[in-house]
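# Survey of secondary and tertiary structure
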There are 2 protein chains.
Amino acid sequence: MPAFRLLALAALSAMPALAADTPTTPSTVVAAAPAAAWRAIPADELLVVTIEGGRRVVIQLAPGFAPRHVANIRALAKAHWWDGTSINRVQDNYVVQWGDATEKKPLPSGLSPTSEADYVLPIANRRLAVTPASSPDAYAPSTGYVGGWPVAMDGEAAWLPHCYGYVGVGRNMAPDAGTGAELYAVIGQAPRQLDRNIAVVGRVIDGMAYLSSLPRGSGELGFYTAQEHRVPILSVRLASELPVSERPRFEVMDAASASFADYLRLRANRKDDFYIRAAGGVDLCNAPVPIRAAP
Amino acid sequence: MPAFRLLALAALSAMPALAADTPTTPSTVVAAAPAAAWRAIPADELLVVTIEGGRRVVIQLAPGFAPRHVANIRALAKAHWWDGTSINRVQDNYVVQWGDATEKKPLPSGLSPTSEADYVLPIANRRLAVTPASSPDAYAPSTGYVGGWPVAMDGEAAWLPHCYGYVGVGRNMAPDAGTGAELYAVIGQAPRQLDRNIAVVGRVIDGMAYLSSLPRGSGELGFYTAQEHRVPILSVRLASELPVSERPRFEVMDAASASFADYLRLRANRKDDFYIRAAGGVDLCNAPVPIRAAP
């Protein structure tokens, strides 16, 4: 909260002594969630991006929502295709984008074809376990959480929203749907108008600040205009390719858990010493599914 | 849009030749808006913040919504109170905050008292010219635009939302409502839960990237932990205090204009060579009122 530092620190240090009186907040719910509320993220769903200076960004992939694009991303990582490429675009309040600046690097063979049909998950004849979100949404008839991911839905399909930190697949003009070689992460207000117009394939779950604090590009659409401004990508690997000791390990909160229900309710109804007026609602992109480093 | 650079540039350069076939977009509507659709922003509503390196950030104040806090901010600027203070906190996907890191600098005399009543604009017995927004909102019964500002509303009051780039007044625990000496700007997904819990006093209209790309602080709540990490503020002035030749001059689109109606409709219904599926709605914080440098 944007309180003065002194007060914020005082509140923190006073917490143990005042436990009985401390209001329950989204953070305290997450901290108190039992082990059963958490699910380990498989190593082949974690993409480890190492950029200049050894800074590590970890992306959780969403194969359940974008299977073809994720298959391609895994193939590109296994081929070490991104090694030596770069971050080429940083547009304020929009996206950080990376890939091959030359646009000439040959792709590995065997990538899956993709199409506009891959932007959504058809829900006819499927049983999706949806934890509903109760707040209205400007972009979809309904929203909720499925398997640790926020989703927007209509009667026919579910799709991942373009929230802060979410990763999508750059493409050329429609009907091109992108291979997965050109990726971007959202660094501002959720550009939800891109939903269903682009494949969302995952989200940054660690190291986001390394991307969001990069200098903005001065060219059209935030592209860097000189080679020396581009940020080198040293390597991109699936965690499952790394030695076990080097693998990042994360867990995501089960959206069907009681802890998540408490978290969501409190996200929509902050009321404590600082919050005097509860909102009574929360935007889908403002209630991120909790993720933690595996204990 | 997150298209490849080559295609994006090709589309731009082809525009003149293809004018008849070029889809109308929010950008083209803004570019074509007549002079009558624009309103000059008064010089005493522009706060010019100069930070280390001579980087200039311009904030538009909202005296119509937060008169007491804005009166204080004007008094602080005229007293040169912020000169020599610093940016002390950068929390990713949340806020950049500045003020007196020592929390001991004496305030100028004569500041207005503020209270929680100042967080909203009561609308009983007032005639507000509201351009309604048509998309549902998770945080308020209705939304719209008043005098060049987005507003959220219930039956009793209107208030400025915490959108990207919006500036609020840091405060201690309630019922303290802050003087205006400690300010922050939003650098991520709109933290609308802060609406009606804090005074929103304006928005960054130029130089936002100088704030949003700052290194994130490693301390609690994103505070910088060492003096050398803090970003010095060289000066803060109202534009009206500056020599005429040095004043920034900006214009804001009239929310009651036909151009704004077109812009808002297109923001909610992108459909062109790139957008294959129109959203049919747009979040209040994703349709910022257009602002331009005065021609």
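What counts as what
The residue count restarts for each chain, going from 1 along the sequence in the order it is written. Think of it this way: whatever chain is written first is A, whatever ligand is written first is 1, and the rest follow in order. This being a predicted model, a pLDDT of at least 70 is required before a residue's local features are given, and a value of 80 or more before pairs of side-chain atoms are given or counted; all residues contribute to the totals for chains, interfaces and linings. Excluded from the side-chain calculations are hydrogens and water; all other atoms, namely the structure's heavy atoms, are used. The helix count covers DSSP runs of H or I at least four residues long, the strand count covers runs of E at least two residues long, and both are numbered beginning at the N terminus. Note that the radius of gyration is over C-alpha atoms, with the globule rule given as 2.2 Å times the number of residues to the power 0.38. Summary of the burial criterion: residues with accessible area below 20% of their type's maximum are buried, those above 50% are exposed, and those between are partly exposed, where the area comes from a 1.4 Å probe applied to protein chains only. To superpose the copies, least squares is applied to the C-alpha atoms of every residue with a pLDDT of at least 70 in both. Any two residues having at least one pair of non-hydrogen atoms within 4.5 Å are treated as being in contact. UniProt positions are given in the numbering used here, feature names are shortened, and annotations may be inferred rather than shown by experiment. Only Phe, Tyr and Trp rings are paired, with Trp represented by its six-membered ring, and only when their centres lie within 6.5 Å; those with planes under 30 degrees apart are stacked, over 60 edge-to-face, the remainder tilted. The criterion is that NZ of a Lys, or CZ of an Arg, lies within 6 Å of the ring centre and within 35 degrees of the ring normal, and then a charge sits over that ring. Here a helix's expected span is defined as the number of its residues, less one, multiplied by 1.5 Å. Whenever two N or O atoms come within 3.5 Å, that pair is a polar contact, provided that in protein one can donate a hydrogen and the other can accept it, and provided that, for residues adjacent in sequence, both atoms are side-chain atoms. The rule for a salt bridge is simple: a side-chain nitrogen of Lys or Arg has to be within 4 Å of a carboxyl oxygen of Asp or Glu. Whether two strands pair comes down to DSSP finding at least two bridges between them. Angles here are taken between N-to-C directions and fall from 0 to 180 degrees, while the axes themselves are lines fitted to C-alpha atoms, restricted in helices to the stretch in contact. Buried area is calculated as the accessible area (1.4 Å probe) missing from two parts once they are joined, with the contributions of both summed.

## Some remarks on the overall build of chain A
Per the secondary structure count, chain A includes five helices and 16 strands. A compact globule built from 295 residues would reach a C-alpha radius of gyration of about 19 Å, and chain A, at 20 Å, matches this within 12%. Expressed as lengths along the three principal axes of its C-alpha atoms, the size of chain A is roughly 60 × 50 × 40 Å. The burial tally for chain A puts 55% of its 295 residues in the buried class.

## Here we look at the relation of the copies chain B and chain A
Rotating chain B by 180 degrees about the axis while translating it 0.0 Å along that axis superimposes it on chain A, leaving an RMSD of 0.0 Å. The transformation just described matches what one would write down for a two-fold rotation axis. A share of 100% of interface residues in chain B that are also interface residues in chain A marks the association as one of identical surfaces.

## Some remarks on the UniProt feature "domain: PPIase cyclophilin-type" (unreviewed entry) in chain A
Under the local residue numbering, the UniProt record ascribes the feature "domain: PPIase cyclophilin-type" (unreviewed entry) to residues 56-240 of chain A. Span residues 56-240 of chain A is 9% helix and 31% strand, its end C-alpha atoms 16 Å apart.

## Digging into the packing of aromatic side chains
Scanning the entire structure with this criterion turns up 10 aromatic pairs over all chains. Seen from their ring centres, Trp149(A) and Tyr166(A) are 6.1 Å apart, and the 80 degrees between their planes marks the pair as edge-to-face. You can see Trp149(A) sitting in strand β9 (residues 149-153) and its partner Tyr166(A) sitting in strand β11 (residues 166-169), a full 17 residues away along the chain. Exposure class is identical for Trp149(A) and Tyr166(A). Each is buried. Ring centres of Phe260(B) and Tyr263(B) lie 5.7 Å apart, and the angle between their planes is 35 degrees; on these two criteria the pair is classed as tilted. Here Phe260(B) pairs with Tyr263(B), and both are found in helix α5 (residues 258-268), just three residues apart, close to one helical turn. Across the pair, exposure class does not vary: Phe260(B) and Tyr263(B) are buried alike. In this structure, Arg196(A) is placed above the aromatic ring of Trp159(A), and the distance from its NZ or CZ to the ring centre is 4.1 Å. Of note, Lys105(B) hangs over the ring of Trp81(B), and the distance from its end group to the ring centre comes to 5.3 Å.

## Quick look at helix α3 (residues 67-78) of chain B
Residue and element names in this part refer to chain B. Taking 1.5 Å per residue, 12 residues should reach 16 Å; α3 reaches 16 Å between its end C-alpha atoms and fits that length. Listed as buried for α3 are His69, Val70, Asn72, Ile73, Arg74, Leu76 and Ala77. Contacts from the buried residues of α3 go to β2 (46-51), β3 (55-61), β11 (166-169), β12 (183-186), β13 (200-206) and β14 (231-238). Positive backbone phi, approximately 55 degrees, marks histidine 80, located one or two places after α3.

## Quick notes on α5(B)
Turning to α5(B), its buried residues are Ser259(B), Phe260(B), Tyr263(B), Leu264(B), Leu266(B) and Ala268(B). As for α5(B), its buried residues are in contact with α2 (26-32), β7 (130-132), β8 (142-146) and β15 (250-253) of chain B.

## Here's the deal with the side chain of His69(B)
Residues and elements named next belong to chain B. Following the sequence through the fold, histidine 69 ends up in helix α3. A polar atom in the side chain of histidine 69 sits 2.9 Å from the backbone oxygen of alanine 177. Contact partners of histidine 69, with chain neighbours within four places excluded, come to Thr114, Asp118, Val169, Ala177, Gly178, Thr179, Gly180, Ala199 and Val201.

## Focus on the pattern of salt bridges
As enumerated under the stated definition, the model contains 26 salt bridges over all chains in all. Here Asp154(A) and Arg277(B) are joined by a salt bridge, their closest N and O atoms 3.6 Å apart. With one member in each of two chains, Asp154(A) in the loop between β9 and β10 (157-159) and Arg277(B) in the loop between α5 and β16 (291-293) form a pair that bridges those chains. Here Arg216(B) and Asp92(B) are joined by a salt bridge, their closest N and O atoms 2.8 Å apart.

## Quick look at the sheet that holds strand β15 (residues 250-253) of chain A
Residues and elements named next belong to chain A. The three strands lie next to each other as β1-β15-β16, forming an open sheet whose pairing is antiparallel. Either end of the sheet is taken by a strand with one partner, and the two such strands are β1 (38-40) and β16 (291-293). Direction aside, neighbouring strands of the sheet carry axes that sit 30 degrees apart on average. Bridge analysis of β15 against β16 gives three bridges, and the strand direction is antiparallel. Looking at β16, one finds that valine 252 is bridged to isoleucine 291.

## Some remarks on the interface of chain B and chain A
Each partner contributes residues to the interface: chain B has 68 residues there, and chain A has 68 residues. Here chain B meets chain A over a buried area of about 6,300 Å², counting both sides, of which 56% is carbon and sulfur. Inspection of the region where chain B meets chain A yields two salt bridges. The tally of links between chain B and chain A comes to 20 residue pairs in polar contact (both at pLDDT 80 or more).

## Looking at the environment of Asn286(A)
For Asn286(A), the location among the structural elements is in the loop between α5 (258-268) and β16. Given the relative accessible area of 9%, Asn286(A) is considered buried. Taking the C-alpha atoms as reference points, Asn286(A) and Ala268(A), 18 residues apart in sequence, are found 9.2 Å from one another. Leaving out residues up to four positions away in the same chain, Asn286(A) has contacts with Arg267(A), Tyr139(B), Gln189(B), Ala190(B), Pro191(B), Arg192(B) and Gln193(B). Among the polar contacts made by the side chain of Asn286(A), one reaches the side chain of Gln193(B) at a distance of 3.0 Å.

## Considerations on the sheet that holds strand β12 (residues 183-186) of chain A
All names here are of chain A. Read once around its circumference, the closed barrel built from eight strands follows the order β2-β3-β13-β11-β12-β5-β4-β14, with strand pairing classed as antiparallel. Each adjacent strand pair in this sheet contributes to an overall mean axis angle of 35 degrees, direction not counted. Bridge count for strand β4 (residues 86-91) against strand β5 (residues 95-99) is five bridges, and the pairing is antiparallel. Note on β5: the bridge partner recorded for arginine 89 is glutamine 97. Its contacts with the sheet place helix α3 (residues 67-78) against β2 (46-51), β3 (55-61), β11, β12, β13 (200-206) and β14 (231-238), and it is angled at close to 110 degrees to β14.

## A word on the environment of Phe260(B)
Residues and elements named next belong to chain B. Among the residues examined, phenylalanine 260 registers a relative accessible area of 0% and is labelled buried. Taking C-alpha positions, phenylalanine 260 is 9.3 Å from proline 26, a pair spaced 234 residues apart along the chain. The residues contacting phenylalanine 260, other than those within four sequence positions of it, are Thr131, Tyr145, Met253, Asp254, Ala255, Val289 and Pro290.

## Overview of the side chain of Thr50(B)
Residues and elements named next belong to chain B. Within the secondary structure layout, threonine 50 lies in strand β2. A relative accessible area of 18% means that threonine 50 is categorised as buried. Apart from residues no more than four positions distant in its own chain, threonine 50 is found in contact with Arg55, Ile233, Leu234 and Ser235.

## Here's the deal with the environment of Leu221(B)
All names here are of chain B. The residue leucine 221 is located in the loop between α4 (208-212) and β14 in this model. Relative accessible area serves as the criterion here: at 22%, leucine 221 is assigned to the partly exposed category. For the pair formed by leucine 221 and serine 259, sequence separation is 38 residues and the distance between their alpha carbons is 41 Å.

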